[in-house]
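Topology and contacts: notes
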Amino acid sequence: MKIEDYLASLPQNIVSGEEVQLSDKSFREIFSFVDLGGNDVFYHLGCGDGKGVKIAIDEFHVKKGIGIDNNSQKINQAKKFSGDFFCDDIKNSDFSDATVILFWFTDEKILKNMMKKFEELKPGTRIITIWGPLPNCLPEKVNFPYIINVAPFKKARSLQEQLLAVFGVKCVDFVTAWEFAERYTKAIGNPDVKNDRFLTIIQTLVIWINAKNLGVACREEIPESIKTYINIMKMHFDIDFEHLLKE
Ligand SMILES: C[S@@+](CC[C@H](N)C(=O)[O-])C[C@H]1O[C@@H](n2cnc3c(N)ncnc32)[C@H](O)[C@@H]1O
């Protein structure tokens, strides 16, 4: 089965990120990294159950904490915390007074739409994204998978430049792919997860193959370790990656 078919067989509300809630540990790591503090007006776009806003207020003492989500059940749950919570589509909401925004979206339509609003933010506003920077932008600071983008945004000349800036390397080899895959699983995953090695292998293969297809892998030939993991996935799990490799 192709990796795409395997992913399609998993619960889509999880794969799309719709039902994924960051852990308290991730929130604390993110807020320390962005140096959130008493002068900040913090917005969590897609705030889910409101835990992020609660931690920003209680532990990082932000001046104002606001959560926006278009799911009314989640907003009702969030309203038990201090902070301002609004049930709204982030595409229509006003967050122009923000100094820090947490924005974890991968949906291309939303990203494209939101860029117009982000471009109008006050200079110096920090937007934290996860895994990648804002579309076509270079990150200001990276503590992978957490990324700080600062308005006005620096434009990336190419996808290659953007990817290398995120990983902080001149080219991507197996070790880089593995290290970043592991950081992502550990940062976002549940601490009790038992199959994180399996996820790390999938992420590693995806990172290395994307790098290769973009022409930023360190070597032309496929490293032995990548070949081995492609074979393990095929033989033991019937999950195929080879077709992703462009000639
Ligand atoms: C972390 S976001 C990411 C989900 C999104 N599918 C993506 O692009 O990756 C998930 C949270 O955002 C909320 N959400 C999704 N779309 C939204 C929108 N257009 N406006 C406000 N909240 C939204 C969901 O209810 C959920 O609590």
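Look up: the structure comes first, before these words.
Read on for a plain summary of the structure.

What counts, and at which threshold
- Residues numbered from 1 in each chain as written.
- Predicted model: local features only at pLDDT ≥ 70, side-chain atom pairs only at ≥ 80, totals over all residues.
- Buried ≥ 20, exposed ≤ 12 C-beta atoms within 10 Å, placed from the backbone.
- Helix = DSSP H or I, 4+ residues; strand = E, 2+ residues; numbered from the N terminus.
- Pairing = 2+ DSSP bridges.
- Axes fitted to C-alpha atoms, helices over the stretch in contact; angles between N-to-C directions.
- Expected span 1.5 Å × (residues − 1).
- Contact = placed C-beta atoms within 7 Å.
- Parallel < 35°, antiparallel > 145°, perpendicular 65-115°, else oblique.
- Left-handed = near helix turned anticlockwise from the far one by under 90°.
- Core = buried A, V, L, I, M, F, W, Y, C linked by C-beta atoms within 7 Å.

Another aspect to go through is the pairing of strand 4 (residues 100-103). The side-chain alternation of strand 4 yields two buried faces, one formed by Val100 and Leu102 and the other by Ile101 and Phe103. Pairing geometry for strand 1 (residues 41-45) and strand 4, over four bridges, is parallel. Counterpart to Phe42 in the pairing with strand 4 is Val100. With three bridges joining them, strand 4 and strand 5 (residues 126-130) adopt parallel strand pairing. For Ile101, the partnering residue across the bridge sits in strand 5 and is Ile127.

Attention shifts here to the sheet that holds strand 3 (residues 84-87). Judged by pairing direction, the sheet is mixed, and its seven strands sit side by side in the order 3-2-1-4-5-8-7 without closing on themselves. This sheet does not close on itself; its edge strands, each paired only once, are strand 3 and strand 7 (141-143). Direction aside, the axes of adjacent strands within the sheet are offset by 20° on average. Inspection of the sheet shows strand 5 paired to strand 8 (residues 146-150) by five bridges, in the antiparallel sense.

Further remarks concern unusual backbone geometry. In this structure, Pro145 follows Phe144 across a cis peptide bond, with omega equal to 5°. Considering the arrangement of structural elements, one finds Pro145 in the loop between strand 7 and strand 8. Note that the residue after Ala151, namely Pro152, is joined by a cis bond; omega there is -5°. Of note, Pro152 is situated in the loop between strand 8 and strand 9 (154-155).

The end-to-end C-alpha distance of helix 8 (residues 174-188) is 21 Å, a good match for the 21 Å that 15 residues give at a rise of 1.5 Å each. Restricting attention to buried positions, one finds in helix 8 the residues Phe174, Ala177, Trp178, Phe180, Ala181 and Thr185. Where helix 8 is buried, its residues contact helix 7 (159-167), helix 9 (196-214) and helix 10 (224-237).

Running from amino to carboxyl end, helix 3 (residues 24-33) crosses helix 4 (residues 51-58) at an angle of 50°, the nearest separation of the two axes being 10 Å. Between helix 3 and helix 4, the angle is such that the two are oblique. Seen along the crossing, helix 3 lies across helix 4 with a hand that is right-handed. For the pair formed by helix 3 and helix 4, the contact residues are Asp24, Phe27, Arg28 and Phe31 on the first element and Lys51, Gly52, Ile55 and Ala56 on the second.

Bringing the nonpolar core into the picture now. By size, the foremost hydrophobic cluster in this structure holds 39 residues, and its most contacted members are Phe31, Leu36, Tyr43, Ala56, Ile101 and Ile128. Sort the elements by how many residues they give to this core and strand 4 lands first, with four residues. The contacts of Ile101, once residues within four sequence positions are left out, are Tyr43, Leu45, Phe95, Thr125 and Ile127. In terms of nonpolar packing, the next biggest core, distinct from the first, is built from 20 residues, Phe174, Ala181, Ile201 and Ile239 among them.

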